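# Close look at the chain arrangement
In case you want the letters, here they are:
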2 protein chains.
Amino acid sequence: MIRMSKETDYGIILLAHFAGDQERLTHSARALAAETYLPLPMVSKILKILAREGFLVSHRGVKGGYSLARRPERVPIAEIITAMEGPVAMTECVEAPGECRHEPVCQLRSKWQKINEVVLLALGSITLSDLIGPLPDQLAPFGGKPENLVRLQ
Amino acid sequence: MIRMSKETDYGIILLAHFAGDQERLTHSARALAAETYLPLPMVSKILKILAREGFLVSHRGVKGGYSLARRPERVPIAEIITAMEGPVAMTECVEAPGECRHEPVCQLRSKWQKINEVVLLALGSITLSDLIGPLPDQLAPFGGKPENLVRLQ
DNA sequence: TGAAATGGTACTGGATCAGTCCTATATCAG
DNA sequence: CTGATATAGGACTGATCCAGTACCATTTCA
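About the thresholds
Residues numbered from 1 in each chain as written. Chains lettered and ligands numbered in written order. Predicted model: local features only at pLDDT ≥ 70, side-chain atom pairs only at ≥ 80, totals over all residues. Heavy atoms only, no water. Near = heavy atom within 4 Å. Polar contact = N/O pair within 3.5 Å; in protein donor to acceptor, adjacent residues only side chain to side chain. Helix = DSSP H or I, 4+ residues; strand = E, 2+ residues; numbered from the N terminus. Axes fitted to C-alpha atoms, helices over the stretch in contact; angles between N-to-C directions. Parallel < 35°, antiparallel > 145°, perpendicular 65-115°, else oblique. Contact = heavy atoms within 4.5 Å. Nonpolar A, V, L, I, M, F, W, Y, C, P; charged D, E, K, R; others polar. Salt bridge = Lys/Arg side-chain N within 4 Å of Asp/Glu carboxyl O. Expected span 1.5 Å × (residues − 1). Buried < 20%, exposed > 50% of the residue type's maximum accessible area, 1.4 Å probe, protein only. Pairing = 2+ DSSP bridges. Lys, Arg positive; Asp, Glu negative; His and termini not counted.

## Section: the protein's contact with DNA strand C
Around DNA strand C lies a shell of 22 residues, among which Lys6 and Arg60 of chain A together with Ser58, Arg60 and Tyr66 of chain B are the nearest. Among atoms of DNA strand C positioned within 4 Å of the protein, sugar and phosphate together represent 68%. Ser58 of chain B is positioned with one of its side-chain polar atoms (N or O) 2.5 Å from a phosphate oxygen of DNA strand C. Put simply, the parts of the chain that give the surface near DNA strand C at least two residues each are α1 (6-20) and α3 (40-52) of chain A together with α2 (29-36), β1 (56-59) and β2 (65-68) of chain B.

## Describing the packing of helix α1 (residues 6-20) of chain B against α2 of chain B
All names here are of chain B. Packing of α1 against α2 leaves a shortest axis separation of 11 Å and a crossing angle of 100°. As the angle between them shows, α1 and α2 are arranged roughly perpendicular. Residue-level inspection shows Ile13, Leu14, His17 and Phe18 of α1 in contact with α2, the latter providing Leu32, Glu35 and Thr36. Residues of the contact of α1 with α2, tallied by class, amount to four nonpolar, two polar and one charged.

## Observations concerning the protein's contact with DNA strand D
Taken together, 21 residues form the shell around DNA strand D, and within it Ser58, Arg60 and Tyr66 of chain A together with Lys6 and Arg60 of chain B come nearest. Here the atoms of DNA strand D within 4 Å of the protein split so that 67% fall in sugar or phosphate, with bases taking the remainder. Within the contact set of DNA strand D, a phosphate oxygen lies 2.5 Å away from a side-chain nitrogen or oxygen of Ser58 of chain A. In this structure, Arg60 of chain B approaches DNA strand D through a side-chain N or O atom, which is 2.8 Å from a sugar or linking oxygen. Every element with two or more residues in the surface near DNA strand D is listed here: α2 (29-36), β1 (56-59) and β2 (65-68) of chain A together with α1 and α3 (40-52) of chain B. Top contributing element to the surface near DNA strand D by residue count: α3 of chain B, with three residues. For the surface near DNA strand D, a count of residues per class yields eight nonpolar, seven polar and six charged.

## Considerations on the pattern of salt bridges
In total, this model carries 20 salt bridges over all chains according to the counting rule given. Note that Arg24 of chain A is salt-bridged to Glu35 of chain A, the shortest N-O span being 3.0 Å. Separated by 11 residues along the polypeptide, Arg24 of chain A in the loop between α1 and α2 and Glu35 of chain A in helix α2 bring together distant segments of the chain. Between Glu7 of chain B and Lys45 of chain B there is a salt bridge, with its nearest N and O atoms 3.2 Å apart. One end of the pair, Glu7 of chain B, is in helix α1; the other, Lys45 of chain B, is in helix α3, with 38 residues separating them in the sequence. Residues joined in a network through salt bridges with shared partners are Asp21, Arg24 and Glu35 of chain A.

## Focus on α1 of chain B
An α-helical turn contains 3.6 residues, so any two residues separated by three or four positions project in the same direction. Its 15 residues give α1 of chain B an end-to-end C-alpha distance of 21 Å, which sits within 8% of 21 Å, the value for a rise of 1.5 Å per residue. When we look at burial in α1 of chain B, the residues that qualify are Thr8, Asp9, Tyr10, Gly11, Ile12, Ile13, Leu14, Leu15, Ala16, Phe18 and Ala19 of chain B. Buried residues along α1 of chain B sit against α6 (109-124) of chain A together with α2, α3, β1, β2 and α4 (77-85) of chain B.

## Some points on the pairing of β1 of chain A
All names here are of chain A. Where β1 lies against β2, four bridges are found, and the strand directions are antiparallel. Bridged to Leu56 within β2 is Leu68. If you look at the hairpin formed by β1 and β2, you'll find five residues sitting between the two strands, and Gly61 has a positive phi there, around 90°.

## Re the side chain of Asp130 of chain A
With respect to the secondary-structure elements, Asp130 of chain A resides in the loop between α6 and β3 (139-141). Here Asp130 of chain A occupies a buried position and makes no salt bridge, while the nearest side chain of opposite charge, Lys111 of chain B, is found at 8.5 Å. In this structure the side chain of Asp130 of chain A is engaged in a polar contact, spanning 2.9 Å, whose partner is the backbone nitrogen of Thr127 of chain A.

## Considering the environment of Lys114 of chain A
Residues and elements named next belong to chain A. As for its placement among the helices and strands, Lys114 is situated in helix α6. Taking the relative accessible area as the measure of exposure, Lys114 reaches 18% and is therefore buried. Remark: the alpha-carbon pair of Lys114 and Val94, spanning 20 residues in sequence, is separated by 9.6 Å.

## Re α6 of chain A
The end-to-end C-alpha distance of α6 of chain A, which contains 16 residues, comes to 22 Å, matching closely the 22 Å that a straight helix rising 1.5 Å per residue would cover. Listed in full, the buried residues belonging to α6 of chain A are Lys111, Trp112, Lys114, Ile115, Asn116, Val118, Val119, Ala122 and Leu123 of chain A.

## Section: the side chain of His27 of chain B
Here His27 of chain B is to be found in the loop between α1 and α2. Every residue in contact with His27 of chain B, bar those within four places of it in the chain, is listed here: His17, Phe18, Asp21, Leu32, Glu35, Gly65 and Tyr66 of chain B.

Structure (structure tokens):
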């Protein structure tokens, strides 16, 4: 189904929560779990990953917690996805060239790489700050002109 | 990793093979397996699905086999992916609205739907005919201008 | 009538995933 | 100094999903 893992899903929800409430200096795992209605152990686990990957800064101790490491406009969601579940790669040959035993006969690898770039561009152009705020219909892909999306030479 | 299943991967390889050799009227599962170096039982299984989903026309009997139901230019790969593994939906709430118990508090659903549209547009603009032929570097996304990809209003 | 093809479905071993739990370490308050 | 509260980093588990196989029925043609 071309779907992200729950971990990534929750991770983006959490980061969006950070972006949407930048008044507080730090958010603890417990508070975040309560505010997002996500299970605490999962929230805790995911925050550790996000800190290790450089999206959050952690502060230990009684008054500790996490805070955003960068301004939301500087965090493309493609980067979050890549950090949480490895490179975005629709096929095995895109992520690990040479491992697919059909590669010598299969002529599709270069094509998949291009397709992958398109998907990555799409995800790379959306940042955390695009995910907050009450406005729906915020993103207008290509000015609604799908024929401009990919140009064949 | 945002990856398609092997079934879908193989399915597209097989369809591309059909598109690349339209001289023969029908291709049998056995011949296709030999030519693509894919395991016969899998090829057989996948061809059945592709026929059921309307991409191939099947012909039973001794001289039977499969043939393309449409011209390759008319088969967007997004459609193949959707047919083989369900709707392209990065999150659960996009595919099945109402099932996620966080939906009432989560403000991200409309955003994910837009993001999903962008990905679908990218995949929808590439057809089977783009996958054949010896030319690499065939696709040029957005004329190489990523900033034109998504416009925020 | 038999060979060769598709149609449909059931089954299985393995991998992956969501989620939990435990222990160590750091920080602050009293 | 000590206890409470936080993160850090693992190990662990039950459930689900996936790739691949196997089996039998049906159709077609020589």
